[in-house]
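Chain by chain, the residues run as shown.
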Number of protein chains: 2
Amino acid sequence: MDGRGKTAATVTLAEVAAAAGVGESTVSRVLRNHGSFSAKTRDRVMEAVNRLGYVPNMIAGTLASAGSRLVGIVVPSFSNIVFADVLRGASQAMEGSGHQAVIGVSDYDPAREEELIASMLSWRPAAILLAGLEHTERARAMLTGGGARVAEMLDIDGPGLDLVVGFATAETGRASARHLLARGYRRIGYVGHDLTRDTRAAKRLAGFEAALADAGLALTDRDIAPVPSSVEVGRDGLDRLLARAPDLDAVYFSNDDMAVGGYFLCLSRGIAIPDRLALFGYNGLDVARLTPQPIATIRTPRVRIGELAAQLALSGAPAQTVDVGFEVIEGATA
Amino acid sequence: MDGRGKTAATVTLAEVAAAAGVGESTVSRVLRNHGSFSAKTRDRVMEAVNRLGYVPNMIAGTLASAGSRLVGIVVPSFSNIVFADVLRGASQAMEGSGHQAVIGVSDYDPAREEELIASMLSWRPAAILLAGLEHTERARAMLTGGGARVAEMLDIDGPGLDLVVGFATAETGRASARHLLARGYRRIGYVGHDLTRDTRAAKRLAGFEAALADAGLALTDRDIAPVPSSVEVGRDGLDRLLARAPDLDAVYFSNDDMAVGGYFLCLSRGIAIPDRLALFGYNGLDVARLTPQPIATIRTPRVRIGELAAQLALSGAPAQTVDVGFEVIEGATA
DNA sequence: TGTCCTTTTGGCAGCGCTGCCAAATGAATT
DNA sequence: AATTCATTTGGCAGCGCTGCCAAAAGGACA
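As the structure is a computational prediction, the values presented were derived from the model and not from experiment.

Cut-offs used in this document
Residues numbered from 1 in each chain as written. Chains lettered and ligands numbered in written order. Predicted model: local features only at pLDDT ≥ 70, side-chain atom pairs only at ≥ 80, totals over all residues. Heavy atoms only, no water. Helix = DSSP H or I, 4+ residues; strand = E, 2+ residues; numbered from the N terminus. Rg over C-alpha atoms; globule rule 2.2 N^0.38 Å. Buried < 20%, exposed > 50% of the residue type's maximum accessible area, 1.4 Å probe, protein only. Polar contact = N/O pair within 3.5 Å; in protein donor to acceptor, adjacent residues only side chain to side chain. Contact = heavy atoms within 4.5 Å. Buried area = accessible area lost by both parts, 1.4 Å probe. Salt bridge = Lys/Arg side-chain N within 4 Å of Asp/Glu carboxyl O. Pairing = 2+ DSSP bridges. Axes fitted to C-alpha atoms, helices over the stretch in contact; angles between N-to-C directions. Phe/Tyr/Trp six-rings, centres within 6.5 Å; stacked < 30°, edge-to-face > 60°. Near = heavy atom within 4 Å. Domains from an automatic or database assignment. Arc of directions from axis to C-beta. Expected span 1.5 Å × (residues − 1).

## Regarding the overall build of chain A
For chain A, the count of helices and strands is 13 helices and 12 strands. Relative to its length of 334 residues, chain A is extended, with a C-alpha radius of gyration of 26 Å against a globular reference of 20 Å. Projected onto its principal axes, the C-alpha positions of chain A cover 85 × 40 × 40 Å. Expressed as a percentage of its 334 residues, the buried residues of chain A come to 54%.

## Some words on the side chain of Ser254 of chain B
Residue and element names in this part refer to chain B. Along the chain, Ser254 falls in the loop between strand 8 (250-253) and helix 11 (256-269). Classification of Ser254 as buried rests on a relative accessible area of 2%. Here the side chain of Ser254 touches His193 through a polar contact of 2.8 Å, side chain to side chain. When sequence neighbours within four positions are dropped, the list of residues in contact with Ser254 reads Tyr190, Val191, Gly192, His193, Arg204 and Tyr282.

## Regarding the interface of chain A and chain B
Opposite the 64 residues of chain A that make contact, chain B presents 63 residues. Both sides together, the interface formed by chain A and chain B hides about 5,300 Å², and carbon and sulfur atoms give 63% of it. When residues of chain A are sorted by the area they lose upon contact with chain B, Ile59, Phe78 and Trp123 of chain A head the list and together hold 14% of the total. The interface formed by chain A and chain B holds four salt bridges in total.

## What to know about the sheet that holds strand 7 (residues 221-224) of chain B
All names here are of chain B. The parallel open sheet is built from four strands, whose spatial order is 7-6-8-9. Strands with a single pairing partner mark the edges of an open sheet, and in this sheet they are strand 7 and strand 9 (278-280). Pairs of neighbouring strands in the sheet enclose a mean axial angle of 15°, with direction left out of account. Pairing analysis gives four bridges linking strand 6 (residues 188-192) to strand 8, with the strands arranged parallel. The residue of strand 8 that forms the bridge with Tyr190 is Tyr252. Seen against the sheet, helix 9 (residues 199-214) touches strand 6, strand 7 and strand 8 and runs at an angle of roughly 175° to strand 6. Running over the sheet, helix 10 (residues 231-244) touches strand 6, strand 7 and strand 8 and is turned about 145° from strand 7.

## Thoughts on the packing of aromatic side chains
One pass over the full model with this rule turns up 11 aromatic pairs over all chains. For the ring pair Phe208 of chain A and Tyr252 of chain A, a centre distance of 4.0 Å and an interplane angle of 5° mean the geometry is stacked. Of this pair, Phe208 of chain A sits in helix 9 (residues 199-214) while Tyr252 of chain A sits in strand 8 (residues 250-253), and the two are 44 residues apart along the sequence. This pair shows no difference in class: Phe208 of chain A is buried, exactly as Tyr252 of chain A is. Here the aromatic rings of Tyr190 of chain B and Tyr252 of chain B are separated by 5.7 Å at their centres, their planes lie at 45°, and the arrangement is tilted.

## Some points on the protein's contact with DNA strand C
The environment of DNA strand C is made up of 23 residues, and the closest members are Leu13, Ser28 and Tyr54 of chain A together with Thr26 and Thr41 of chain B. Restricting the count to atoms of DNA strand C within 4 Å of the protein gives a sugar and phosphate share of 66%. A distance of 3.2 Å separates a base nitrogen of DNA strand C from a polar atom in the backbone of Ala60 of chain A. In the environment of DNA strand C, a base oxygen lies 3.5 Å from a nitrogen or oxygen atom belonging to the backbone of Leu63 of chain B. Taken together, the elements giving at least two residues each to the surface near DNA strand C come down to helix 2 (24-32) and helix 4 (58-65) of chain A together with helix 2 (24-32) and helix 4 (58-65) of chain B. With four residues, the top contributor of residues to the surface near DNA strand C is helix 4 of chain A.

## A word on the domain arrangement of chain A
When cut into domains, chain A gives domain 1 (13-56), domain 2 (68-167 + 302-324) and domain 3 (169-299). A C-alpha centroid distance of 36 Å is found between domain 1 of chain A and domain 2 of chain A.

## Notes on helix 1 (residues 13-20) of chain B
Residues and elements named next belong to chain B. Among all positions of helix 1, only Val16, Ala17 and Ala20 are buried. Down the axis, helix 1 shows its buried residues gathered within 100° of arc, on one side only. The inward-facing, buried residues of helix 1 contact helix 2 and helix 3 (39-52). Immediately beyond the C-terminal end of helix 1, within one or two residues, lies Gly21, with a positive phi of roughly 70°.

## Examining helix 9 of chain A
Structurally, the α-helix is built with 3.6 residues per turn, so residues lying three or four positions apart point the same way. Residues and elements named next belong to chain A. For helix 9, with 16 residues, the first-to-last C-alpha span of 23 Å sits near the 22 Å given by 1.5 Å per residue. Those residues of helix 9 lying buried are Arg200, Ala201, Lys203, Arg204, Leu205, Gly207, Phe208, Ala211 and Leu212. The first or second residue beyond helix 9 is Gly216, which carries a positive phi of 75°.

So, in structure tokens, the structure goes:
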């Protein structure tokens, strides 16, 4: 009554063994290419496998051998290209090694992340990959249980649970500020999105402000919308900001989506970039590189991060923190 | 020697049962809130669960009960927002119902998709969600096995295996052509990306050309780059196309990323839109809606498609094809 | 207090596979 | 032909959980 009609009786390894006239363990060895068996036996087994359309049952295999080939990945969002890139890298690394990704979306909610971690752990994954270092107390406790390797990605500003692969998040904010200061900008504003959820954006801003403070300056004004980042939010945020502080000479955006929105606003309004107003983003997004004036931003090796995290976690590397660095893209908007 | 040290001995249900002084099946019933048990028993069990930090083993549970709570999803790419949206919708629908997504990326390669389907099937998923209707013969055969529900998403132009949720792909191309024709454009070009891999883009173009043919017209020229779509490829494609056919009055792009690239080229070159050249995209992307002139495009309910596909597949709905439709966005570039 | 029915509980046989061990087979050597 | 050693093979006990069934414990009522 649940629509999952078991019409085609599932073929089991035992049936394959019977059909091939060999023992179960022999079939198992052949299928996993593990242990020794004669060429003749292998052919007999493979013939039976193909004839019966046998599909191995990983569930049973995993239970018997303890240790699955699943890798749990929890990201805050699918829509943000940052996580898409990280996932792509991780997928690449898992390809071939026979691992499968079980993916969950936390929607930037630590409680939801905790839930997802709990249910992933119940699949006894070989590793769990997470974004950032901030997790609930209970999540940390579950993760420290020791069952699975843990890799925290993107941010290395703090202590990790096991593997940490990323870059110095606050430092990207500092670097952005230094870039603007070096170019002579002094009346600097900030346009951002929900910082309580996006803790890494908050860390960037903190770094940015720290660098300003080092130069004896402070943000002239800021506009922070309590919603997820988007092109639209960036555009409207800059609009509001300029209404309040028309004499800004530069704006730091919480990321490139936001900055592109700001850029579009300037285009529409005929605001000269960078002479009248400089823009600085974050992420090194494709679209931000291809606007008529490439947007000044910071590029981070996201695909590499996902790849490296998966690689290290699955290869049994010792607990460590890897700094993959970042790169300031000068662009033409600052 | 593989780094997956089982330091913390895994707590089993039997241990919880012993600690709580009840039988195993009682613990199982309490944990799944299934069957009957007294409030007192429940408290005793939960206390033991929390004290021991018990994490249920889904692998064992699934094996015992036959029928997993995993849902396999194969998408062509992570980077394309289309699939990110579909995944988001599917995730939403699975949330709460206790299902987990096992996700694989085929990179638009049917052979790779087949491999992924095979390995997902070995996890005995409750359902498999796929993009499009084109699959290898062997993939179709495996899917028809009956073990899992199948939902093919995004495209409904053809026969499906089980559930099909999407819209008429070729018709989107037709609608785009009709829109341009109705506005009086006659010298129309096409800028596209690798059509052998992206079969849905090919179907759109076929529909577009069919509608032109109905009006006694044909594409004036086309530029098809044998690479994945991107803003850059769209920009460069339009550049080449205009070099060859400077008198075009409108261009149809394979999608919005490409169209945004074309739009940026026009901005840089000072090409007046839409008077000198009209642009038409596909996808209804956020960024395309927010350019100074919103790009004419077609919006498809992608999140809804993922959501509906997962919903139907997991609720045991009968095999069917659902047309969720699409919408022409007039924009300001055509 | 005894009877009957409902609710609650525990025991245990699998689910399909792998890992271990012992047995069988074959090849090489005396 | 007998012995030794390496290779190949099969049997079977779990892995941790669920589903079934029978047994125990309560409750209602006579």
